[in-house]
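A look at the structure
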Amino acid sequence: MTTVKIAYSPCPNDTFVFDAWAHGRVPGAPRLDVTFADIDITNGMAERGEFDVLKVSYAVLPYVLGEYALLPCGGALGRGCGPLVLTRGPDLAGASRAEGSEGLAGMTVAVPSERSTAYLLFRLWAADVVPEGVGRIVVLPFHEIMPAVRDGKVDAGLVIHEARFTYQNYGLHCLADLGEHWESTTGLPIPLGAIIAKRSLGEETLKLLAESARTSVRMAWDDPAASRPYVLEHAQEMDPAVADQHIGLYVNEFTADLGEDGYAAVRGLLTRAAAEGLVPPLGRDALSFV
């Protein structure tokens, strides 16, 4: 195989990870034909069987693992990097997060997607701490969520990525850190984004793709300045300091290799979500690489 059609997001963690590979600096790696798309778009691409390799939400895996294999590297897991539930003021957040969480019962919550890891974490958190259940769920583009909360169009918003560093600019308050809840109840890292590749490519190609992704990650760590132009070109006018924070949170040892804890986190999330009826159950060997 000489060229691989791949789709990943323009977010700094993805462009940092794939910079060396996308620019032909990974020895022996297939050439990449890159399409940039937000992860809710790539999730749909995966469900339609488009592209050879895709960055997707872990939440979509149960729907696509018949056609795609989960690569053991290149994705996003971590600690202290989970989605947040934001509210307009401290009145709902309350003196304690636990009390404020109960106040979310019956409220309208904006989410970026219902096929996202963030949404699964939100629903699992709500099942634990909002016994009466949240009210209406509204799907909005990610960039519209914080303004909608600020302007009172919704009662709360589920946000991800760089919003961790910018929500105070909108005068918003953090009602719940869903990653913090996940880590405290499971002890596992937070599974966010996965790299998947078509099983039809064959075992040897899948191994080559995984090794190419792993090498690209390590090359980015060895020479961070090399990826800087690519990262900032696609960072959508993001402050460079925020881009650096973004990379620091989402590119870590799990990006180089999922490892035992990484696989346990993925299976734990999807098993819990299946028990809540949020996703189909995983088969025993569904997460096997080759």
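Anyway, here's the lowdown on the structure attached to this text. The shown structure was predicted, so the numbers you read here are calculated from the model rather than taken from an experiment. (Residues numbered from 1 in each chain as written. Predicted model: local features only at pLDDT ≥ 70, side-chain atom pairs only at ≥ 80, totals over all residues. Heavy atoms only, no water.)

Details of the sheet that holds strand β7 (residues 109-111)
Paired through their backbone hydrogen bonds, the strands of a sheet run either parallel or antiparallel. What counts here: When DSSP finds at least two bridges between two strands, those strands are taken to pair. By definition, any uninterrupted DSSP run of H or I lasting at least four residues is a helix, any uninterrupted run of E lasting at least two residues is a strand, and each is numbered from the N terminus. Axis angles are defined between N-to-C directions and span 0 to 180 degrees, where every axis is a line fitted to C-alpha atoms and, for a helix, only to the segment in contact. Contacts: residue pairs with any heavy atoms within 4.5 Å of one another.
The sheet built from 5 strands is open, its strands ordered β8-β7-β9-β6-β10 with mixed pairing. With partners counted over all chains shown, the strands left at the sheet margins are β8 (137-139) and β10 (173-177), one partner each. Here the average twist between neighbouring strands, direction ignored, is 30°. Of the pairings in the sheet, the one linking strand β6 (residues 84-87) to β10 comprises 4 bridges and is antiparallel in character. Paired with T87 across the two strands is H173, which belongs to β10. Along the sheet, helix α6 (residues 117-129) makes contact with β6, β7, β8, β9 (156-159) and β10, crossing β9 at roughly 130°.

What about the packing of α6 against helix α9 (residues 178-186)?
Cut-off, in case you're wondering: Our angle categories are set so that under 35 degrees counts as roughly parallel, over 145 as roughly antiparallel, 65 to 115 as roughly perpendicular, and the remainder as oblique. Crossing handedness is defined as follows: a turn of the near helix away from the far one that is anticlockwise and smaller than a right angle gives a left-handed crossing, while the clockwise case is right-handed. Just so you know the grouping, Ala, Val, Leu, Ile, Met, Phe, Trp, Tyr, Cys and Pro go in nonpolar, Asp, Glu, Lys and Arg go in charged, and all remaining residues, Gly too, go in polar.
One way to put it is that α6 packs onto α9 with a least axis distance of 10 Å and a crossing angle of 65°. Classified by the interaxial angle, the pair formed by α6 and α9 is roughly perpendicular. Taken as a pair, α6 and α9 cross one another with a handedness that is left-handed. Touching A118, L121, F122, L124, W125, D128 and V129 of α6 are L178, H181 and W182, all from α9. The residue inventory of the contact of α6 with α9, partitioned by class, reads 8 nonpolar, 1 polar and 1 charged.

Looking at the nonpolar core
Definition in use: Buried residues of nine kinds, namely Ala, Val, Leu, Ile, Met, Phe, Trp, Tyr and Cys, make up a nonpolar core once their side-chain atoms join them within 4.5 Å. To sort residues, take the accessible area from a 1.4 Å probe on protein chains only and compare it with the maximum for the residue type: under 20% means buried, over 50% means exposed, and anything in between is partly exposed.
Membership of the largest hydrophobic core comes to 57 residues, with the highest contact counts inside it found for L54, Y58, L61, V85, F122 and W125. Of all the elements, α6 adds the most residues to this core, at 8 residues. If we skip the residues at most four places from it in the chain, L61 touches V56, L70, A194, I196, V266, L270 and L287. Formed by 32 residues, the second largest nonpolar core is a distinct cluster that contains Y8, F18, C73 and I195.

Details of the side chain of S116
The line we're drawing: Two N or O atoms count as a polar contact when they lie within 3.5 Å, although within protein this holds only if one can serve as hydrogen donor and the other as acceptor, and sequence-adjacent residues are included solely when both atoms are side-chain atoms.
The residue S116 is located in the loop between β7 and α6 in this model. Within the structure, the side chain of S116 is placed 3.3 Å from the backbone oxygen of S113, a separation counted as a polar contact.

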